[in-house]
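Each chain, written out:
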Amino acid sequence: MSKVTVVGAGNVGATCANVLVTNQVADEVVLLDIKEGVAEGKAMDIMQTANILNLNTRLTGVTNDYSKTDGSDVVVITSGIPRKPGMTREELIGVNAGIVKSVVESVLAHSPNAIIVCVSNPMDTMTYLIHKHTNLPKNRIIGMGGALDSARFKYFLSQALGANATEVEGIVIGGHGDTTMIPLKRFAAYRGLPVSTLLSAECLDKVAADTMVGGATLTKLLGTSAWYAPGAAAAQVVASVLHDQKRLISCSALLDGEYGEKDLCIGVPCILGKNGIEKIVEFDLNAEEKELFAKSAAAVHKTNSALPC
């Protein structure tokens, strides 16, 4: 029996739970929130589609009762305040750091062997905080951001190409921030063909720029952070771990010399399987890409320095 807990029944957490249920990723999913009735109501709503969609996954909603999460294989943490228009992810650090610390302590008390997937913003810094606060093996803590950023990159590439998004390959590394992420244009492909042979340099630059502000664009349009793609990206990470898929997904991982960085969580290509981050894959970056990555790493280090002691 496989079990996943999603902490935070806001838009992102509820969407993640919904994707886990509708894709039948786990046998059991627990959706937990601090606000009375919210997780229960959303779980009930989602489960009322079980007969319609012929689903077998069981979803339970609970209010702040971590005993119900006991024995979880994977825990997804979406807790924290979302961005509002004009806010950066980094501005959330003070409030969300305290929330994430408390949540991690509570989930590990009941599921000490769980793999943790961090979604809370600023995501790279919250992932780093979990490492420092728990001292868990680095393979068991995964930051979701790169999976979402890469999905946005592939969306904008598919729009520019007029192509099916599922046939486009693209990956984003670096920090999960509007100025720190690095869409790797040189590695983007459409059914094996380098996208650089199909789109002009100017068009590719626009795709990269649109990707970098993809979250801010949606926040401006919606009045709050996006949720469908973030929730689905978190569920994608869970599925790769729970089903030992060995998928290459960009995730925020703790580096120990890879890409020339140490003591830093930042988006890099990872192989995800039953042990969490099973391998960090080092792409052969050119001089420009290395410089961009170094600048991104410096920015994330700076954000980390603002963590409350």
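As shown above, the structure is provided for reference.
In this text, all values refer to a predicted model and were calculated from it rather than measured experimentally.

## Quick notes on the overall build of the chain
Piece 1. Within the chain one finds ten helices and 14 strands.
Piece 2. Taken against the 2.2 N^0.38 rule, which gives 19 Å for 309 residues, the C-alpha radius of gyration of the chain at 18 Å falls within 12% of a compact globule.
Piece 3. For the chain, the residues scored as buried account for 53% of the 309 residues in total.
Piece 4. Across the chain, the fraction of contacts at a sequence separation of at least 24, relative to all contacts at a separation of at least 6, is 70%.
Piece 5. Accessible area for the chain stands at about 13500 Å²; split by element, carbon and sulfur atoms hold 53% of it.
Piece 6. Counting 27 positive and 31 negative side-chain charges, the chain places the centres of these two groups 1 Å from one another.

## What to know about helix α10 (residues 287–304)
Piece 1. Counted at 1.5 Å a residue, the expected span for α10 with its 18 residues is 26 Å, and the 26 Å between its end C-alpha atoms agrees.
Piece 2. Its buried side turned inward, α10 meets α4 (93–110), α5 (123–134), β8 (172–174), β9 (181–183), β12 (247–256) and β13 (262–273).
Piece 3. Where α10 starts, the residue carrying a side-chain oxygen 3.2 Å from the main-chain nitrogen of E288 turns out to be N286.

## Remarks on the pattern of salt bridges
Piece 1. Within this structure, the stated rule accounts for ten salt bridges.
Piece 2. Notably, a salt bridge pairs K132 with D263, separated by 2.8 Å at the nearest N-O pair. Linking K132 in helix α5 with D263 in strand β13, this pair joins segments that are 131 residues apart in sequence.
Piece 3. A relative accessible area of 46% means that K132 is categorised as partly exposed.

## So, the state of the cysteines
Piece 1. Scanning the entire structure with this criterion turns up zero disulfides.
Piece 2. C265 carries a free sulfur, and the closest cysteine sulfur to it, the one in C118, is 8.9 Å from it.
Piece 3. We note that C270 lacks a disulfide partner, and the nearest cysteine sulfur, in C251, lies 5.1 Å from it.
Piece 4. Judged by relative accessible area, which is 0%, C270 ranks as buried.

## As for the environment of L136
Piece 1. Tracing the sequence through the fold places L136 in the loop between α5 and β6 (141–143).
Piece 2. A residue is classified by how much of its surface remains accessible, and L136, at 15% relative accessible area, is buried.
Piece 3. A C-alpha to C-alpha distance of 9.6 Å links L136 and P112, two positions 24 residues apart in sequence.
Piece 4. Residues within four places of L136 in sequence aside, it is in contact with L108, I116, H131 and I141.

## Some details on the environment of N286
Piece 1. With respect to the helices and strands, the residue N286 is situated in the loop between β14 (276–280) and α10.
Piece 2. Within the structure, N286 has its side chain in polar contact with the backbone nitrogen of E288 (distance 3.2 Å).
Piece 3. From its side chain, N286 meets the backbone nitrogen of E289 in a polar contact 2.8 Å long.

## As for the pairing of strand β1 (residues 3–7)
Piece 1. Along β1, five of the five residues are buried, which leaves the element largely enclosed by surrounding structure.
Piece 2. In β1, alternate side chains face the same way, and those of K3, T5 and V7 on one face and V4 and V6 on the other are all buried.
Piece 3. By the bridge criterion, five bridges tie β1 to strand β2 (residues 28–33) in an arrangement that is parallel. Within β2, the residue paired with V4 across the bridge is V29.
Piece 4. Assessed by its sense of winding, the connection that carries the chain from β1 through helix α1 (residues 11–22) to β2 is right-handed.
Piece 5. The sheet contact formed by β1 and strand β4 (residues 74–77) spans four bridges and is parallel. Its bridge partner being in β4, V4 is matched across the sheet by V74.

## Points about the packing of helix α6 (residues 145–161) against helix α7 (residues 201–212)
Piece 1. As a packed pair, α6 and α7 sit with axes 9 Å apart at the nearest point and diverge in direction by 145 degrees. Once α6 is placed against α7, the crossing between them reads as right-handed. Listed contacts from α7 to D149, R152, F153, F156, L157 and A160 of α6 are C203, L204, V207, D210 and T211.
Piece 2. Here the contact of α6 with α7 is built from residues that sort into seven nonpolar, one polar and three charged.

About the thresholds
- Residues numbered from 1 in each chain as written.
- Predicted model: local features only at pLDDT ≥ 70, side-chain atom pairs only at ≥ 80, totals over all residues.
- Heavy atoms only, no water.
- Helix = DSSP H or I, 4+ residues; strand = E, 2+ residues; numbered from the N terminus.
- Rg over C-alpha atoms; globule rule 2.2 N^0.38 Å.
- Buried < 20%, exposed > 50% of the residue type's maximum accessible area, 1.4 Å probe, protein only.
- Contact = heavy atoms within 4.5 Å.
- Areas by Shrake-Rupley, 256 points an atom, 1.4 Å probe, with all protein chains shown as cover.
- Lys, Arg positive; Asp, Glu negative; His and termini not counted.
- Charge placed at Lys NZ, Arg CZ, Asp CG, Glu CD.
- Expected span 1.5 Å × (residues − 1).
- Polar contact = N/O pair within 3.5 Å; in protein donor to acceptor, adjacent residues only side chain to side chain.
- Salt bridge = Lys/Arg side-chain N within 4 Å of Asp/Glu carboxyl O.
- Disulfide = S-S within 2.5 Å.
- Pairing = 2+ DSSP bridges.
- Right-handed = clockwise from strand over helix to strand, strands pointing away.
- Axes fitted to C-alpha atoms, helices over the stretch in contact; angles between N-to-C directions.
- Left-handed = near helix turned anticlockwise from the far one by under 90°.
- Nonpolar A, V, L, I, M, F, W, Y, C, P; charged D, E, K, R; others polar.

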